[in-house]
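In case you want the letters, here they are:
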Amino acid sequence: MLYLIGLGLGDVKDITVKGMEIIKKCTRVYLEAYTSILTVGKEALEEFYGRELILADREMVEQEADEILKDADVADVAFLVVGDPFGATTHSDLVLRAVKAGISYRVIHNASIMNAVGCCGLQLYNFGETVSVVFWTDTWKPESFYDKIKRNRLNGMHTLCLLDIKVKEQSVENLIKGRKIYEPPRYMSVNQASEQLLEIIQNRRGQSEKLALSEDTICVGLSRVGAEDQKILAGPLKEMASAELGGPLHSMIISGHLHPLEIDMLKLFAVSEASFENLKMTDSSTFTS
Ligand SMILES: C[S@@+](CC[C@H](N)C(=O)[O-])C[C@H]1O[C@@H](n2cnc3c(N)ncnc32)[C@H](O)[C@@H]1O
């Protein structure tokens, strides 16, 4: 049996009792190590579970999945995922491969960033499509996530922005030379995501596009959700560019139509007292401030 087990969002203790029991009886236990991180590392998890963990990076999961699935038709193999196993799009592939190989699978769910963001007071029912914001380079500055945010805003929906994680990346030079030397991990901050969004707004304004969001659109920055030192800050996009949220992981929400109750909740996390003063509701699908 292949078990996909969610570890939750905070630290070692967020695993479910069911997940922990299964880990203890499995022949091999893999830890997926590229779509998310906990506040603690592999060693702390090994100590808590009393089991050795095999790190599974992107290369292993995408190119050597057969290795993970080896003998899983006759033995129990666990695949641990921070958050919920299906909180990332990546793991459906492993399930499909298992089914194709005649291996049964079971999922042990846990909290995901996809639902834990409700902690800021915005209603999960009012979210549209989730977007991924990728790190820009000097020559590659994709803006497609802006268009999705725009569609959500036009429908009055909030947008959860998941921010890029770069682990085990090679520099162009090392890639060309075939050297397996990796850059230090990078996790996008709310400040970086806000700066990229502000740049897109400037570009679009230059093209005289009717803007779906502006520097004053209310946003929420969240860091280390589920950990003891989690932080939430709400305010206009322009203030998010310098909001202090501390270490990774970060997520960001671009608000859509705000219900009065949602506004009251967001005020609990206001970056500054002035942040919400000029907020005016305009119609049922959009608002300006
Ligand atoms: C692929 S997604 C998360 C997948 C994970 N399986 C889950 O269900 O939460 C990874 C992104 O989610 C966000 N994220 C994950 N955990 C977070 C946390 N505890 N606090 C804030 N953002 C988080 C970050 O933007 C991160 O880059």
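Here is what the cut-offs are and how they apply
- Residues numbered from 1 in each chain as written.
- Predicted model: local features only at pLDDT ≥ 70, side-chain atom pairs only at ≥ 80, totals over all residues.
- Heavy atoms only, no water.
- Domains from an automatic or database assignment.
- Contact = heavy atoms within 4.5 Å.
- Buried area = accessible area lost by both parts, 1.4 Å probe.
- Salt bridge = Lys/Arg side-chain N within 4 Å of Asp/Glu carboxyl O.
- Buried < 20%, exposed > 50% of the residue type's maximum accessible area, 1.4 Å probe, protein only.
- Helix = DSSP H or I, 4+ residues; strand = E, 2+ residues; numbered from the N terminus.
- Arc of directions from axis to C-beta.
- Pairing = 2+ DSSP bridges.
- Right-handed = clockwise from strand over helix to strand, strands pointing away.
- Core = buried A, V, L, I, M, F, W, Y, C linked by side-chain atoms within 4.5 Å.
- Phe/Tyr/Trp six-rings, centres within 6.5 Å; stacked < 30°, edge-to-face > 60°.
- Lys NZ or Arg CZ within 6 Å of the ring centre and 35° of its normal.
- Axes fitted to C-alpha atoms, helices over the stretch in contact; angles between N-to-C directions.
- Near = heavy atom within 4 Å.
- Polar contact = N/O pair within 3.5 Å; in protein donor to acceptor, adjacent residues only side chain to side chain.
- Nonpolar A, V, L, I, M, F, W, Y, C, P; charged D, E, K, R; others polar.

## Notes on the domain arrangement of the chain
Logical step 1: Segmentation of the chain into domains returns domain 1 (2–111) and domain 2 (114–284).
Logical step 2: Between domain 1 and domain 2, the C-alpha centre-to-centre distance is 28 Å.
Logical step 3: Listed by partner, the interface residues are 12 residues for domain 1 and 13 residues for domain 2.
Logical step 4: Together domain 1 and domain 2 conceal approximately 900 Å² of surface at their shared face, both sides included; 60% is due to carbon and sulfur atoms.
Logical step 5: By the criterion of area lost to domain 2, the three top residues of domain 1 are L9, I37 and D57, representing 41% of everything that side buries.
Logical step 6: Joining domain 1 to domain 2, the criterion identifies one salt bridge.
Logical step 7: E59 serves as the salt-bridge partner of K180, at 3.4 Å between the closest nitrogen and oxygen.

## Some remarks on helix α7 (residues 144–154)
Logical step 1: Of all the residues in α7, the buried ones are F145, Y146, I149, N152 and R153. The buried residues of α7 occupy an angular sector of 120 degrees when the element is viewed end-on, so they sit on one face.

## Let's talk about the pairing of strand β10 (residues 218–223)
Logical step 1: Of all the six residues making up β10, six are buried; the element is thus mostly covered by neighbouring parts of the structure.
Logical step 2: Bridge count between β10 and strand β12 (residues 250–254): five bridges; the pairing is antiparallel. Among the inter-strand pairings, V220 is bridged to a residue of β12, identified as I253.

## Quick word on the pairing of strand β2 (residues 28–32)
Logical step 1: Counting buried positions along β2 yields five of five residues, so the element is predominantly enclosed.
Logical step 2: Along β2, one buried face is formed by R28, Y30 and E32 and the opposite face, lined by V29 and L31, is buried too.
Logical step 3: As defined by bridge partners, β2 adjoins strand β4 (residues 77–81) across four bridges and the pair is classed as parallel. Residue Y30 lies in a different strand from β4, and its bridge partner there is F79.
Logical step 4: For the crossover that starts at β2, traverses helix α2 (residues 42–49) and ends in the parallel strand β3 (residues 54–56), the hand is right-handed.

## Observations regarding the nonpolar core
Across soluble globular proteins, nonpolar side chains have a tendency to be buried as a group.
Logical step 1: If you look at the biggest cluster of nonpolar residues, it comprises 27 residues, and the most contacted ones within it are L197, L213 and M252.
Logical step 2: Those elements that provide at least two residues to this core are β6 (131–133), α7, β7 (159–163), α9 (190–206), α10 (237–240) and β12.
Logical step 3: Per-element accounting of this core gives the leading share, six residues, to α9.
Logical step 4: Setting aside its immediate chain neighbours within four residues, L213 contacts Y146, I149, R153, L197, I201, L237 and I254.

## Some details on the packing of aromatic side chains
Logical step 1: Enumeration according to the criterion identifies one aromatic pair in this entry.
Logical step 2: Their ring planes at 65 degrees and their centres at 6.3 Å tell us that F48 and Y49 sit as a pair that is edge-to-face.
Logical step 3: The ring of F135 carries R186 above its face, with NZ or CZ at 4.3 Å from the centroid.

## Observations concerning the sheet that holds strand β5 (residues 105–108)
Logical step 1: Taken together, five strands build an open sheet; the order of strands is β3-β2-β4-β1-β5 and the sheet is parallel. Strand pairing shows two members of the sheet lacking a second neighbour, β3 and β5, which therefore form its edges. Mean inter-strand twist for the sheet, computed between neighbouring axes without regard to direction, equals 25 degrees.
Logical step 2: The pairing of strand β1 (residues 2–6) with β5 spans four bridges and is parallel. The residue bridging L4 from the neighbouring strand is V107, located in β5.

## A word on the pattern of salt bridges
Logical step 1: Counting across every chain of the model gives 16 salt bridges.
Logical step 2: Note that E46 and K42 form a salt bridge whose closest N and O atoms lie 3.4 Å from each other. Residue E46 and its partner K42 are located together in helix α2, separated by four residues, close to a single helical turn.
Logical step 3: Residue classification places K42 among the partly exposed positions, given a relative accessible area of 24%.
Logical step 4: Linked by salt bridges that have partners in common, E129, K148 and R151 make up one network.

## What about the site of the ligand?
Logical step 1: Inspection of the region around the ligand gives 20 residues, with V82, S112, L163, H250 and S251 positioned closest.
Logical step 2: Between the ligand and S112 there is a distance of 2.6 Å, counted from an oxygen atom to a side-chain nitrogen or oxygen.
Logical step 3: Put simply, the parts of the chain that give the shell around the ligand at least two residues each are β7 and β12.
Logical step 4: A class-by-class count of the residues in the shell around the ligand yields 11 nonpolar, seven polar and two charged.
Logical step 5: Mapping the shell around the ligand onto the domain boundaries places at least three of its residues in each of domain 1 (2–111) and domain 2 (114–284).

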